[in-house]
Amino acid sequence: MFAAAWNCWSGNAAAVVPCEIPFRGEGSGLDRLFSWIGLILLGAGLTAGCESKSAQTPGDRLAQALAALDAGELAAAEEQLLGYLQEHPESQVAHDELRWLYFNQFRLRDVERLAREGVEEHPGEHAYLMHALMTEFRPPVPQEGLPYLEGIEQQYPGQWRVLVALGYAHWQIGHLDRARENFNAALELAPSNLETRLTVAEFLLEQTQFSTVKDLLAPWGTPLAPVSPCEQNDRWWAIQAQLAMSQKDWAVALGCLQHAQKLRSWDIAYVQQIGAIFQQMGRAEEAAAAFKSAHELEENQMALNELVLSGAVTTPTPAVCEEVAQRCEFRGQTWLAKGWRTLGKRLRSGTAALHQ
């Protein structure tokens, strides 16, 4: 079963050609069970909301998406789930399955985006708030995900997103030649996909292949003239910062990291790197302030992590909801803070239902 595999942008640029990497001398079964129960209830017309409006057609489409997942046709399943969710944003079954699909392919930015959409679409609903927290604090493990991905590749080969995920998993485990092989195959199949190139660029940066990274990302402009959608992509800015640092161009590197940190305010690594660049530039006071901010973010994250791992957010009280909200607000996640405060108000009034 798909969700049982492990616990848990496509940007197009014109006239992009494949870029070969040269060789050189990151679900439970119970979650899926509930998904199928929801589908059965849906088919019986027992579920509340828009999923019960049509006698068969919506349920049939959702069933087809789940069947595609089990058959290993992840690209088709993703397309079907996205279409279904666009028409039925209230469907937790479709939301959960799409979340697992992203999660199992290490597409954490997509998981985060989906989590935010769920929280904003369902204000104060505990299940969506929980998923938004678990996204960060229980990330996927490459060693656990690799067998599932290899099975999908054998079952339904040639899916470029699966190949990217395989490349990432092999990279993290240390199988660099296998990673390079999978990344090359993915680039050949989807040469114009920004997220694919970003993942490959991060891989190449680790091996200090800076000129290849520049070639790989050239279609998306420069820090002075980025091509859409790079302006809103923190990973693109972070990679540009690394390229600038390799040339000791500290001013450009600083600007790029500040862009990345603005887009992902809770990312401690970005703040730490900003501090290190300030040090290189001889700006000691600003470096100290950045390191202090990084330390405060780390302390806040540890406290939030404890709330997650202790189970306090599983059966929260209004006080726990407020503490989570304050810690999310400190990280700049105002949308998530708002959701937890809404849940706290509902708990106080006795109108909230907790996700089990």
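Residues numbered from 1 in each chain as written. Predicted model: local features only at pLDDT ≥ 70, side-chain atom pairs only at ≥ 80, totals over all residues. Heavy atoms only, no water.

Chemist: Would you take a moment to explain the pattern of salt bridges for this structure?
Modeler: Opposite charge on two side chains permits pairing when their charged atoms draw close. Applying the stated rule across the entire model yields 19 salt bridges. Connected through shared salt-bridge partners, Glu78, Arg107, Asp110, Arg113, Glu117 and Arg161 make up one network. (Salt bridge = Lys/Arg side-chain N within 4 Å of Asp/Glu carboxyl O.)

Chemist: What is the right way to read the environment of Ala303 from this model?
Modeler: By the secondary structure assignment, Ala303 is in helix α15 (residues 284-309). On the accessibility criterion, Ala303 (23% relative accessible area) is partly exposed. (Helix = DSSP H or I, 4+ residues; strand = E, 2+ residues; numbered from the N terminus. Buried < 20%, exposed > 50% of the residue type's maximum accessible area, 1.4 Å probe, protein only.)

Chemist: Even after reading the chapter, I still don't get the side chain of Asn233, so can you show me in this structure?
Modeler: Mapped onto the elements, Asn233 comes out in the loop between β2 (225-226) and α12 (234-246). At a separation of 3.0 Å, a polar atom in the side chain of Asn233 contacts the main-chain amide nitrogen of Arg235. Within the structure, the side chain of Asn233 is placed 3.2 Å from the backbone nitrogen of Trp236, a separation counted as a polar contact. (Polar contact = N/O pair within 3.5 Å; in protein donor to acceptor, adjacent residues only side chain to side chain.)

Chemist: What should I look at first to understand unusual backbone geometry in this one?
Modeler: The general pattern is negative phi for most residues beyond glycine and trans for most peptide bonds. Following Ser228, the chain continues into Pro229 via a peptide bond in cis, with omega recorded as 10°. Note on placement: Pro229 falls in the loop between β2 and α12. The phi torsion at Phe106 lies on the positive side, around 60°, for a residue other than glycine. With respect to the helices, strands and loops of the structure, Phe106 is situated in the loop between α4 (92-104) and α5 (108-121). A relative accessible area of 10% places Phe106 in the buried class.

Chemist: Help me understand helix α10 (residues 194-206), please; the structure alone is not making it clear to me.
Modeler: With 13 residues, α10 should reach 18 Å at 1.5 Å per residue; the first-to-last C-alpha distance of 19 Å fits that figure. Extensive coverage of α10 is indicated by the burial of 11 of its 13 residues. Within the span of α10, buried status applies to Leu194, Glu195, Thr196, Arg197, Leu198, Thr199, Val200, Ala201, Phe203, Leu204 and Leu205. Among the structural elements, α8 (160-173), α9 (176-189), α11 (210-217) and α12 are those in contact with the buried residues of α10. (Expected span 1.5 Å × (residues − 1). Contact = heavy atoms within 4.5 Å.)

Chemist: Honestly, helix α7 (residues 142-155) in this entry has me stumped. Any pointers?
Modeler: For an α-helix, the turn length of 3.6 residues means that residues three or four places apart are oriented alike. With 14 residues, α7 ought to run about 20 Å at 1.5 Å a step, and its terminal C-alpha atoms sit 19 Å apart, in line with that. What α7 keeps buried is the set Pro142, Gly145, Leu146, Tyr148, Leu149 and Ile152. At its buried positions, α7 is contacted by α3 (74-87), α4 and α8.

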